[in-house]
Every structure is written in structure tokens, then in C-alpha cells.
Amino acid sequence: MDDGTVRIFDGYRSQHNDAIGPTKGGIRFHPDVTLDEVKALSMWMTFKCGVVGLPYGGGKGGVICDPRQMSKGEIERVSRAFMEAISDIVGPERDIPAPDVYTTPQIMGWMMDTYSKLRGHYTPGVITGKPIIIGGSQGRNAATAQGCVYTIQSALQDIGRPMEKATVAIQGFGNAGRIAARLLTDLGATIVAVSDSRGGIYDPNGLDLDRVEQLKDEATILDYGQDFHVSNEKLLELDVDILIPAALENVITKENAPRIKARIVAEAANGPTTPEADAILNQKGCIVIPDILANAGGVTVSYFEWVQNLMNYYWSEEEVLDKLQTNMVKSYEAVRDMANEYNTDLRTAAYMISLQRVTEAMRARGWV
């Protein structure tokens, strides 16, 4: 530590299933990281990679620490030490980490540098989400939001609703929610409500997104005006075409699901809908684009970054987004067709596709 003391931090790396290819998943720095959490999230990554057809299994990692209470130097030393500890079980052909909660492109850069020093040569393919100058991909920052928007466009086409007439509420105005708001606005949708951890704002006639972004950067979106305030809970129940939960898990429950009015719920966050709420929304005819599909744009562009690293040939942002759109739309249509064939919901169909791919690979390798 900066004060000369020595602290020991516990960390974990879980690899769930590598039948289809090397494992893939983020590393989070958070005081509440647990082994069970990391194991569960690695399994989730297997399904997420499976539903969008990536040649990966699932992995996940975490260090029990609070980077908000640590200096840049302390974070760097923890980052390098963790990569050194897991260096024998990760690698471009084995397990490829990425950023997650409270980790950044810079942290990925430090980890990549540590791994490269241990191997004796530059190895950018060991990790994704890096700064562009050391092998990061164009389009990575917006990838989660952009992938979500591509699935929303496909869902709107299915119900015959033009984007120009669509109203949108977004719970969570962080990276994914904020970028999704801008992308949807550029496509002609009307953002009527957004929120962050402090609360939300709502204008049925449409928010001035430029002003909202400025307030978010300078102070708080609540300065938009007292008359526009709405709670995070009420935002979920607004009469809109598209609801994007992009913040916390378990925000749509059996208690509030009957009051959800959105025609489409696109899960930019992980696990925002409880199983009981899922059943209620499906009975109401709400289209729920599940998290393992809706927010898979991030891991898809991470895959593109890895491919570019291995080739040492890099694509423009236009090429990356074109490939992302092709894959997200194809994946959405496969999930929708599976749901229609078996008369089930999109979440069940997404898991059916993932499990089908994983088990097919396990059988082909002779594991089962």
C-alpha cells in the first residue's frame, strides 16, 4: 500500500465450460466479491456466449477490494499481482478476461503487460477491453448499448412499431443506459424518462437529452427540474413502448410486474427481472429480450478484439459495428424462431439455444 503497509487481497477466477472454445469473462474489483458469485457468473457467460454463437465458454474473475478507496498505484499493484497469480490458467487459447465492475481499460492494459512480461513477448490476445493503442478494438465502449439497440430494432419490426413513434424509459444512466439513449434518439425514438442511483426524471413529451447529459456530467440529472422528478420504481411502470433496465438486478418483481406497461423490455442489465416477474410479463404479452442476448454486444466485440489481436490486423469502427449488427440480429432471429417453434418466451428460447450448442460440442468431443 502507499503507506508502506502490506495487505493481502483474495481473488478468484472461475472457468465454467470450454467445450466450444477458451473461456471468456470479466474481472471485477468489488468488496462483495465471493467465490459463489464468480462461479455463477462464469456459468452465465457460457450461456451468453452460446446464444450469440461465439466460440467461447464462460469465465469470470474477481478481487475482494474497494478501488474507490485505493490510489491509482495501489490499484495497479493489485491488478498486476492478480494477473501474475492467475497467469498459468489464462491465455489467448485458454481463458481471456475482460473488464467488469470497477475495472477499466487501463487495468486491462496493466494486466496484459504483466502477462506479456511473464511470457517474454507481447501478448495482447490474453485480455480484451484494452486501450486501443495496445490492441483494443474500435467500437468496444459502446458495444453493449449498441448490441441492445440492434435487438430492440428487431423486436420493433416484429410488432410493426416504427422507431420514430417509440417512447423509451431507461433505468440506469451509466455507460450502457446513456449510450443507448443517444443511439435510440439518433434513430428517431423519444426518450421520456431516465434515472440514476439518485432518482429519475420524466417528461411525456420527451426529454432534452443534450441537457440531461450535461447535467449528468456537471451535477445531477435531478437538476432538470422538480416538476419532472420520478422515482426509480415509478419509472419502471410508465406507459412506454420500450423499457430498458440498465442498472441493478431484481428490479422487476412479482409485485410490480403487473403494473409494467412497456411493450418491450430490453435487459441491458444482468438479471433485472425475477423468474416470477418473467412469468407475469410473458402472460401479458410483453416481449422481454433477455439479458444474455440483449447485453451480449460487449462480449461480441470483445471476441472481435481477440480475433484482431490474433491476426494483428485491425478493423475500423464501421466494420466492427457492421459485424456486430449482423451477429446480434441473426441471434435475435434465432431466439425468436426457437420461441415460436416451441411456443415459449425469448428467455427460455435463448437458454435452449445455448444449451443445445454446448451439449452438441460436448458430444462431439466425446465428453458425454
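No experiment lies behind these values; they were computed from the predicted model shown.

Some words on the UniProt feature "active site" (unreviewed entry) in the protein chain
- Mapped onto this numbering, the UniProt entry annotates "active site" (unreviewed entry) at Lys60.
- Secondary-structure assignment places Lys60 in strand S3 (residues 57-64).
- Those residues in contact with Lys60 that sit more than four places away from it in its chain are Tyr12, Arg13, Ser14, Gly25, Gly26, Arg28, Val38, Leu41, Ser42, Met45 and Asp100.

Considering helix H6 (residues 209-218)
- Listing the buried residues of H6 in full gives Leu209, Val212, Glu213 and Leu215. Down the axis of H6, the buried side of the element spans an arc of 160°, and every buried residue falls inside it. For H6, the exposed residues lying more than 90 degrees away from the buried face are Asp210, Asp217 and Glu218.
- Here the buried face of H6 lies against helix H5 (175-186), strand S6 (190-196) and strand S7 (199-202).
- Measuring from the backbone nitrogen of Asp210 back to the side-chain oxygen at the start of H6 gives 3.3 Å, which picks out Asp208 as the cap.

A look at the sheet that holds strand S5 (residues 167-171)
- Taken in spatial order, the seven strands make up an open sheet running S8-S7-S6-S5-S9-S10-S11, and their pairing is mixed. The strands lining the two open edges of the sheet, one partner per strand, are strand S8 (229-230) and strand S11 (287-289).
- For S6 and S7, the ladder comprises four bridges, and the chain directions are antiparallel. Note on S7: the bridge partner recorded for Val194 is Ile201.

With respect to the pairing of strand S4 (residues 95-99)
- Of all five residues making up S4, four are buried, and the element is well covered by its neighbours.
- With five bridges connecting them, strand S2 (residues 23-30) and S4 associate as parallel partners. From the neighbouring strand, Ile27 faces S4, where its bridge partner is Pro99.

The rules behind these values
Residues numbered from 1 in each chain as written. Predicted model: local features only at pLDDT ≥ 70, side-chain atom pairs only at ≥ 80, totals over all residues. Heavy atoms only, no water. UniProt positions renumbered as here; feature names shortened; annotations may be inferred. Helix = DSSP H or I, 4+ residues; strand = E, 2+ residues; numbered from the N terminus. Contact = heavy atoms within 4.5 Å. Buried < 20%, exposed > 50% of the residue type's maximum accessible area, 1.4 Å probe, protein only. Arc of directions from axis to C-beta. Polar contact = N/O pair within 3.5 Å; in protein donor to acceptor, adjacent residues only side chain to side chain. Pairing = 2+ DSSP bridges.

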